[in-house]
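# Residue-level structure breakdown
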Amino acid sequence: MLTDDQIIYLDNNATTQLDPAVVEEMLPFLSKFYGNPSSGYQFGGQVRKAIDQARARVAALLGCEPTEIVFTSCGTESNNAAINSALQFEPRGKHIVTSAVEHSAVRRHCQELAKRGCEVTFLEVDQEGNIDLDELESSIRPNTAIVSLMWANNETGILFPVDKIAAICREKRVLFHTDAVQAVGKIPIRLGDSTISFLSLSAHKFYGPKGVGALYVRRHSRFGPSIIGGGQENGRRAGTENVASVVGLGKAAQCAAECMSEEETRVLAMRNRFEQAILARVRDAAVNGARAARLPNTSSFSFARIESDAALLLLDRHHICCSAGSACRTGSSEASHVLRAMKLSDERARGSLRFSFGRFNQDAEADRAIQILPEVIEKLRSLAATSASAPRAATLAS
Ligand code: PLP
């Protein structure tokens with residue numbers, strides 16, 4: 001039974017609640033085990049063992065070797081590190097292939113690199129959010145240092161065909177990095193069977209702590225560190241390890257590996273029920289990328305004749321947390337670059353809301369959202385019809 005003031009958290013692509021099992025595993029490393037993992041005595045060695053265990057757990061989740069995992073401070077750092085390394089150490093040249101729908105951790109980084117003399121190809125997507133694989137193939141040149149394409153889109157949940165992309169990159173002998181921050185923990189990943197060179201992940205997207213991530217670096221791939229100093233992470237990322245968070249990331253990976261298939265089924269059923277109910281109750285509503293392969297947890301809706309920032313504000317009054325596109329754009333009411341790239345009309349893009357379900361959501365929460373969202377859309381539309389323009393919120397809730 002839900003209370004009236006209970007938070008209905010449907011923004012699990014923005015971040016997730018820490019799993020209690022993760023907190024429990026982290027706590028001793030915030031108090032009792034404070035030794036430096038690089039210290040030679042046993043008190044440091046105990047901490048080193050915990051880091052090794054975390055590395056093994058992350059590797060088990062991804063189906064790769066522990067030596068292929070480099071801990072970082074976040075998904076953003078992992079993305080930057082993979083691209084920077086390719087530009088610095090890959091002799092082919094300074095051309096990057098990426099897409100128009102990447103998270104800002106890749107897109108803005110590439111835009112900056114373009115200002116500093118790198119050449120960047122931003123592949124367009126179709127209305128279902130897919131890239132054209134022939135276009136990808138023809139965009140790879142002799143001077144292409146790296147292809148960086150995301151596994152799952154944070155705004156729409158649309159999945160790129162990473163195995164096919166990896167095969168093309170292998171054929172062309174070019175490095176392939178995938179930003180899998182939204183995919184890891186939600187869908188099965190077996191890196192041992194693939195030819196992906198680099199993969200980024202972030203703990204806070206799958207019930208681990210914020211401020212810790214990892215970069216998978218395929219064995220024998222040329223890789224050089226972006227952060228230089230001590231010899232931590234086998235010389236691939238300097239700086240004393242964020243031990244408690246790394247331990248938390250490891251535990252989150254273990255939990256994800258254990259409950260993924262059951263959770264995927266449950267979350268998918270909840271998401272599908274939500275989508276069907278909203279489409280049945282709200283006129284002029286559509287699911288963005290409905291026909292594409294998508295993450296099981298993400299619903300990106302576009303509603304005609306509403307402004308998503310006003311909808312966020314009204315939903316927030318009912319304690320429903322969702323997002324207008326990516327949380328990183330909060331504060332800006334510009335239509336999302338992802339939805340614009342999918343050729344949504346400006347009106348539809350500005351009337352889009354993202355709901356993302358997760359491990360701790362209950363059916364009763366989906367029911368509350370199914371009840372409230374149509375009321376909110378109706379209210380905004382009738383307000384818009386009676387006034388010259390729709391009400392706009394001063395700030396966005398994320
Ligand atoms: N890549 C994607 C697809 C994301 O959704 C996010 C976060 O929203 C990031 C990268 C950045 O991850 P982090 O917050 O760990 O820097």
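For clarity, every value in this text was computed on a predicted model and none was experimentally measured.

The subject of this paragraph is the overall build of the protein. Looking only at helices and strands, the protein has 12 helices and 12 strands in total. A globule of 398 residues ought to have a C-alpha radius of gyration of about 21 Å, and the protein, at 22 Å, matches this closely. With respect to the principal axes defined by its C-alpha atoms, the protein has extents near 70 × 50 × 35 Å. Expressed as a percentage of its 398 residues, the buried residues of the protein come to 58%. Taking the intrachain contacts of the protein between residues at least 6 apart in sequence as the baseline, contacts between residues at least 24 apart amount to 75%. Total accessible area computed for the protein in this model is approximately 16900 Å², and 51% of it derives from carbon and sulfur atoms. Here the protein contributes 46 positively and 45 negatively charged side chains, and the mean placements of these two sets differ by 3 Å.

Looking now at the sheet that holds strand β12 (residues 352-356). Hydrogen bonds along the backbone pair up the strands of a sheet, which may run parallel or antiparallel. Spatial strand order, β9-β10-β12: 3 strands in an open sheet with antiparallel pairing. The sheet terminates laterally at β9 (285-287) and β12, the two strands that pair on one side only. Neighbour to neighbour, the strand axes of the sheet diverge by 25 degrees on average, direction disregarded. Sheet topology places strand β10 (residues 298-303) next to β12; 5 bridges connect them, and they run antiparallel. Looking across to β12, one finds that Ser302 is bridged to Ser352. Against the sheet, helix α8 (residues 243-281) touches β9, β10 and β12, its axis set at about 10 degrees to β10.

Notably, Asn234 is not glycine yet its phi reads approximately 55 degrees, a positive angle. Its location among the elements puts Asn234 in helix α7 (residues 232-235). In this structure, Lys343 takes a positive phi of about 65 degrees despite not being glycine. Examined against the element boundaries, Lys343 turns out to sit in the loop between α10 (337-341) and α11 (346-350).

Judged by nonpolar contacts, the single largest core of 70 residues is most densely connected at Leu62, Trp151, Leu199 and Phe206. Elements supplying a minimum of two residues to this core: α1 (20-26), α2 (42-62), β2 (69-72), α6 (162-171), β7 (198-202), β8 (213-217), α8 and α10. In this view, Trp151 contacts Ile158, Leu159, Phe160, Val162, Thr178, Asp179, Ala180, Ala183, Ile187, Ile189, Ile196 and Leu199; residues no more than four positions away in its chain are not counted. Core analysis: the next-biggest nonpolar cluster, separate from the first, contains 33 residues, Leu314, Leu315, Cys322 and Ala324 among them.

In this section: the pattern of salt bridges. This structure, assessed with the given rule, holds 22 salt bridges. We note a salt bridge from Asp19 to Arg359, for which the minimum N-O separation is 2.7 Å. Placement of Asp19 in the loop between β1 (8-9) and α1 and of Arg359 in the loop between β12 and α12 (363-386) is noted, with a sequence separation of 340 residues between them. By relative accessible area, Asp19 is classed as buried at 11%. Between Lys115 and Glu112 there is a salt bridge whose closest N-O contact spans 3.0 Å. Of this pair, Lys115 and Glu112 are both found in helix α4 (residues 104-115), 3 residues apart, which corresponds to roughly one turn of the helix. The class of Lys115 is exposed, set by a relative accessible area of 65%.

This brings us to empty space enclosed by the protein. Taken as a whole and judged by the stated rule, the model has 5 cavities of 30 Å³ or more. Gly185, Lys186, Tyr207, Glu263 and Val267 are the residues nearest the centre of the second largest cavity, which is lined by 15 residues in total.

The next subject is the sheet that holds β8. One open sheet holds the 7 strands; their spatial order is β2-β8-β7-β6-β5-β3-β4, and the pairing between them is mixed. In this open sheet, the two strands that pair with only one neighbour each are β2 and β4 (119-123). Averaged over all pairs of adjacent strands, the angle between their axes in this sheet comes to 20 degrees, without regard to strand direction. Pairing of strand β5 (residues 144-148) with strand β6 (residues 175-179), which is carried by 3 bridges, proceeds in the parallel orientation. The residue bridging Ser148 from the neighbouring strand is His177, located in β6. Packing of α2 onto the sheet brings it into contact with β2, β7 and β8, and relative to β2 it is tilted by some 115 degrees. Sheet strands in contact with α4 are β3 (95-99), β4, β5 and β6, and its direction is about 145 degrees off that of β4.

Attention shifts here to the site of the ligand. Near the ligand lie 13 residues; those nearest to it are Thr76, Asp179, Gln182, Ser202 and Lys205. One nitrogen or oxygen atom from the main chain of Gly75 is found 2.8 Å from an oxygen atom belonging to the ligand. Between the ligand and the protein, one listed contact pairs an oxygen atom with a side-chain N or O atom of His103 at 3.3 Å. Burial of the ligand by the protein chains amounts to 89% of its free accessible area of 390 Å². Here the shell around the ligand gets 3 residues from one element, more than from any other, and that element is helix α3 (residues 75-89). Class assignment of the residues belonging to the shell around the ligand gives a composition of 3 nonpolar, 8 polar and 2 charged.

β12 sits mainly inside the fold: 5 of its 5 residues count as buried. Side chains Ser352, Arg354 and Ser356 of β12 all project onto a buried face; the interleaved residues Leu353 and Phe355 project onto the opposite face, where all are buried too.

This part is about a nonpolar patch on the surface. On the surface, Tyr34, Tyr41 and Phe43 cluster together into a nonpolar patch covering about 380 Å² of accessible area. Locating Tyr34 in the fold gives a position in the loop between α1 and α2.

Taking 1.5 Å of rise per residue, 24 residues should cover 34 Å, and α12 covers 35 Å from first to last C-alpha, within 8% of that figure. Check the buried side of α12 and you find it contacts β1, α8, β10, α9 (308-317), β11 (320-321) and β12.

Procedures and definitions
- Residues numbered from 1 in each chain as written.
- Predicted model: local features only at pLDDT ≥ 70, side-chain atom pairs only at ≥ 80, totals over all residues.
- Heavy atoms only, no water.
- Helix = DSSP H or I, 4+ residues; strand = E, 2+ residues; numbered from the N terminus.
- Rg over C-alpha atoms; globule rule 2.2 N^0.38 Å.
- Buried < 20%, exposed > 50% of the residue type's maximum accessible area, 1.4 Å probe, protein only.
- Contact = heavy atoms within 4.5 Å.
- Areas by Shrake-Rupley, 256 points an atom, 1.4 Å probe, with all protein chains shown as cover.
- Lys, Arg positive; Asp, Glu negative; His and termini not counted.
- Charge placed at Lys NZ, Arg CZ, Asp CG, Glu CD.
- Pairing = 2+ DSSP bridges.
- Axes fitted to C-alpha atoms, helices over the stretch in contact; angles between N-to-C directions.
- Core = buried A, V, L, I, M, F, W, Y, C linked by side-chain atoms within 4.5 Å.
- Salt bridge = Lys/Arg side-chain N within 4 Å of Asp/Glu carboxyl O.
- 1 Å grid on protein atoms, 1.4 Å probe; cavity = no way out; pocket = protein on both sides within 12 Å on 5 of 7 lines; lining within 4 Å.
- Points joined across faces, edges and corners; volume = space filled by probe spheres on them.
- Near = heavy atom within 4 Å.
- Polar contact = N/O pair within 3.5 Å; in protein donor to acceptor, adjacent residues only side chain to side chain.
- Nonpolar A, V, L, I, M, F, W, Y, C, P; charged D, E, K, R; others polar.
- Patch = residues over 30% accessible without salt bridge, like charges linked within 9 Å, V, L, I, M, F, W, Y side chains within 5 Å.
- Expected span 1.5 Å × (residues − 1).

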